[in-house]
Amino acid sequence: MSKMNRHADNHKAEENLIPSKLWGSNVAIEAEFIERNLLDIKDKIAPCKPKIIGVTKYYGIDAIVNGYKAGLRDFGESRIQDAVQKIESLPEQIRRESTFHLIGHLQTNKVEKAVEYFDVIHSVDSLKLARKISEVACQLNKREKILLQVNVAEESQKYGFEISGLSEVFEDILKLDSVDVIGLMCMAEFGADESTLRKTFGKLRQLRESLEVSFDVRLPELSMGMSDDYLIAVEEGSTMVRIGRKLFK
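Presented here is a report on the structure given in the accompanying data block. (Residues numbered from 1 in each chain as written. Predicted model: local features only at pLDDT ≥ 70, side-chain atom pairs only at ≥ 80, totals over all residues. Heavy atoms only, no water.)

### A look at the overall build of the protein
Alright, step 1. Counting secondary structure elements, the protein contains twelve helices and eight strands.
Alright, step 2. For the protein, contacts bridging at least 24 residues in sequence account for 65% of all contacts bridging at least 6.
Alright, step 3. About 12100 Å² of surface is accessible on the protein, with carbon and sulfur atoms providing 45% of the total. (Helix = DSSP H or I, 4+ residues; strand = E, 2+ residues; numbered from the N terminus. Contact = heavy atoms within 4.5 Å. Areas by Shrake-Rupley, 256 points an atom, 1.4 Å probe, with all protein chains shown as cover.)

### Some thoughts on the nonpolar core
Alright, step 1. Counting residues in hydrophobic clusters, the biggest one holds 70 residues, and the most contacted among them are Ile-133, Leu-148, Leu-166 and Ile-173.
Alright, step 2. Ranked by residues supplied to this core, first place goes to helix 8 (residues 127-139) with six residues.
Alright, step 3. Other than its neighbours up to four places away in sequence, Leu-166 contacts Leu-148, Val-150, Phe-161, Leu-184, Leu-207 and Leu-211.
Alright, step 4. Counting seven residues, the second-largest nonpolar core is a separate cluster that includes Val-120, Leu-147, Met-187 and Met-240. (Core = buried A, V, L, I, M, F, W, Y, C linked by side-chain atoms within 4.5 Å. Buried < 20%, exposed > 50% of the residue type's maximum accessible area, 1.4 Å probe, protein only.)

### Focus on the side chain of Ser-78
Alright, step 1. Mapping Ser-78 onto the fold places it in the loop between strand 2 (74-77) and helix 5 (80-89).
Alright, step 2. Residues contacting Ser-78, with those up to four places away along its chain left out, are Lys-57, Leu-102, Ile-103, Gly-104 and His-105.

### A word on the packing of aromatic side chains
Alright, step 1. Within this structure, the stated rule accounts for three aromatic pairs.
Alright, step 2. Here the basic side chain of Arg-73 rests over the ring of Tyr-68, its NZ or CZ set 3.7 Å away from the ring centre. (Phe/Tyr/Trp six-rings, centres within 6.5 Å; stacked < 30°, edge-to-face > 60°. Lys NZ or Arg CZ within 6 Å of the ring centre and 35° of its normal.)

### Describing the environment of Lys-44
Alright, step 1. One can find Lys-44 in helix 3 (residues 31-45).
Alright, step 2. For the pair formed by Lys-44 and Leu-231, sequence separation is 187 residues and the distance between their alpha carbons is 7.6 Å.

### Describing the side chain of Ser-238
Alright, step 1. As for its position among the elements, Ser-238 is in the loop between helix 11 (230-235) and strand 8 (240-243).
Alright, step 2. Side-chain polar atoms of Ser-238 contact the backbone oxygen of Met-224, separated by 2.7 Å.
Alright, step 3. Once you skip the residues sitting within four places of it in the chain, Ser-238 turns out to touch Pro-50, Leu-222, Met-224 and Ala-233. (Polar contact = N/O pair within 3.5 Å; in protein donor to acceptor, adjacent residues only side chain to side chain.)

### What to know about the packing of helix 9 (residues 163-174) against helix 10 (residues 194-215)
Alright, step 1. Taken N-terminus to C-terminus, the directions of helix 9 and helix 10 make an angle of 45°; their axes are 11 Å apart at the nearest point. Regarding the angle of helix 9 to helix 10, the classification is oblique. Seen from above, helix 9 lies across helix 10 with right-handed handedness. Every residue of helix 10 that contacts helix 9 at Ile-163, Leu-166, Ser-167, Phe-170, Glu-171 and Leu-174 is listed here: Lys-203, Leu-207, Leu-211 and Phe-215.
Alright, step 2. Here the contact of helix 9 with helix 10 is composed, by residue class, of seven nonpolar, one polar and two charged. (Axes fitted to C-alpha atoms, helices over the stretch in contact; angles between N-to-C directions. Parallel < 35°, antiparallel > 145°, perpendicular 65-115°, else oblique. Left-handed = near helix turned anticlockwise from the far one by under 90°. Nonpolar A, V, L, I, M, F, W, Y, C, P; charged D, E, K, R; others polar.)

### Side note on unusual backbone geometry
Alright, step 1. In this structure, Pro-47 follows Ala-46 across a cis peptide bond, with omega equal to 5°.
Alright, step 2. One non-glycine residue, Ser-178, adopts positive backbone phi at about 70°.
Alright, step 3. The exposure class assigned to Ser-178 is buried, which follows from its relative accessible area of 9%.
Alright, step 4. With a phi angle near 50°, Asp-216 is a residue other than glycine that sits in the positive phi range.
Alright, step 5. Inspection of the secondary structure assignment puts Asp-216 in the loop between helix 10 and strand 7 (221-223).
Alright, step 6. For Asp-216, a relative accessible area of 75% translates into the label exposed.

### Comments concerning the pairing of strand 6 (residues 179-185)
Alright, step 1. Among the seven residues of strand 6, six are classified as buried, and the element is accordingly described as predominantly covered.
Alright, step 2. Pairing geometry for strand 5 (residues 144-149) and strand 6, over six bridges, is parallel. Its bridge partner being in strand 6, Ile-146 is matched across the sheet by Val-181.
Alright, step 3. As for the winding sense of the linkage, the β-α-β connection from strand 5 through helix 9 to strand 6 is right-handed.
Alright, step 4. The pairing of strand 6 with strand 7 spans three bridges and is classified as parallel. Paired with Leu-184 across the two strands is Leu-222, which belongs to strand 7. (Pairing = 2+ DSSP bridges. Right-handed = clockwise from strand over helix to strand, strands pointing away.)

### Some points on helix 9
Alright, step 1. For helix 9, built from twelve residues, the straight-helix expectation of 16 Å at 1.5 Å per residue is met to within 8% by its first-to-last C-alpha distance of 17 Å.
Alright, step 2. Taken together, the buried positions of helix 9 are occupied by Leu-166, Val-169, Phe-170 and Ile-173. Relative to the axis of helix 9, the buried residues are bounded by an arc of 150° and lie together on one face. Exposed side of helix 9, more than 90 degrees from the buried face: Ser-164 and Glu-168 are the residues found there.
Alright, step 3. Where helix 9 is buried, its residues touch helix 8, strand 5, strand 6 and helix 10. (Expected span 1.5 Å × (residues − 1). Arc of directions from axis to C-beta.)

Pasting the structure below:
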C-alpha cells in the first residue's frame, strides 16, 4: 500500500463523521450555531488564547461565511481545488479580512496555487517542498508563512519530518528566501489515550524549544490539537488548534 493510501486510511474515522458525498457541499450551518460552539470552546480553554482555526474542508462556502459572522477569522482547508473555488466565491470583505491555512499534505505540483491562495502553510514536510514554496513565493513577490510538520507520533502512514532529522535541514530552510518559518505542526495518533497525547504534544513543544536555542530563532507557533484532543493540546502549549466538527457539526 502506498504512503498516500495509508495516509488516507489514517483519516478514515475522521472523514466518516461527514458523508463523503457532502464534502464541500453547502450543508446549512447557521452563524448562531457556530457562535455558540465557538464560545463554548473559548470558555473551555480559558485563560489560554490559542488561535482557533475553523476547519472547513468538509463543508461548503456557507461554513466560512457564517463562521466569519460568528467571529472566526482563520479557516483551514486541505484540498487545493476545493479551497480555491471557495475562496474565489467569498465576498471581498470576508476574503480580505480572513486568514487561510493549508493544513493538508501539499504536493510540489500544487505549490503555485497553495502560495497564491493561502496565507499560512502548516504541512511543510521536506526541504524540497520548502524550497519550492520559497521559489514560487519569490515569483509572486510574497513572503509565505510556513510551519514544519513533524511526525512526532512516528507513524509510518503520516507525513512529516522525523524529530532526529529536522535539525539536519533546519538551517537550510531558515536560509530560504521568501518564507518565514513561524513554528511546528503535528498530528497526534488517532484514538490515542491522554497519556500518549500529552507525550506527543510535549515532544513537539520540546523540539520547538530545542530548535530555538540551537539556531537562535523564535518559533512562536505550535499547531497541534483537533476536535477530539484540543483541550490536551492547549494544556501542552498549543498556540493553534484546528477544529472542524466541534464548531460546525
